[in-house]
Amino acid sequence: MKVRIKLHGVFRRGRFKDEIRDYPAGTRVVDVVRELGFSDQLLGTVIINDMHADIEQELKDGDCLMLLPLLDGG
């Protein structure tokens, strides 16, 4: 299945901004996060098709997954 992945903030460093990738059926958001090498602690918001989603949610063919890091500052 094809899933569009959009990365934001520090997640783009050394990676990509927007890319379509192939995944097997049954792939969850957490599988993509681990494949990309992100720490679960850095992940702030998960959005699938413009709706907030859970990291355990299963992806479907044609989904658009946006991953946003936690904001840090002070």
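Note: the structure precedes this text.
What you see is a predicted model, and the numbers here were worked out from it, not measured in a lab.

(A) Inspection of the environment of lysine 17 at higher detail. In this fold, lysine 17 is placed in the loop between strand 1 (2-7) and strand 2 (18-22). When the C-alpha positions of lysine 17 and leucine 7 are compared, they lie 5.2 Å apart, and in sequence the two are 10 residues distant. Apart from residues lying up to four places away in sequence, lysine 17 is in contact with Ile5, Lys6, Leu7 and Arg12.

(B) Spotlight on the packing of aromatic side chains. For the coordinates displayed, the defined rule picks out 1 aromatic pair. Look at phenylalanine 11 and phenylalanine 38: their rings are 4.0 Å apart centre to centre, the planes differ by 15 degrees, and that puts the pair in the stacked class. Placement of phenylalanine 11 in the loop between strand 1 and strand 2 and of phenylalanine 38 in the loop between helix 1 (29-35) and strand 3 (43-48) is noted, with a sequence separation of 27 residues between them. When sorted by exposure, phenylalanine 11 lands in the same class as phenylalanine 38, which is buried.

So, how was this worked out
Residues numbered from 1 in each chain as written. Predicted model: local features only at pLDDT ≥ 70, side-chain atom pairs only at ≥ 80, totals over all residues. Heavy atoms only, no water. Helix = DSSP H or I, 4+ residues; strand = E, 2+ residues; numbered from the N terminus. Contact = heavy atoms within 4.5 Å. Phe/Tyr/Trp six-rings, centres within 6.5 Å; stacked < 30°, edge-to-face > 60°. Buried < 20%, exposed > 50% of the residue type's maximum accessible area, 1.4 Å probe, protein only.

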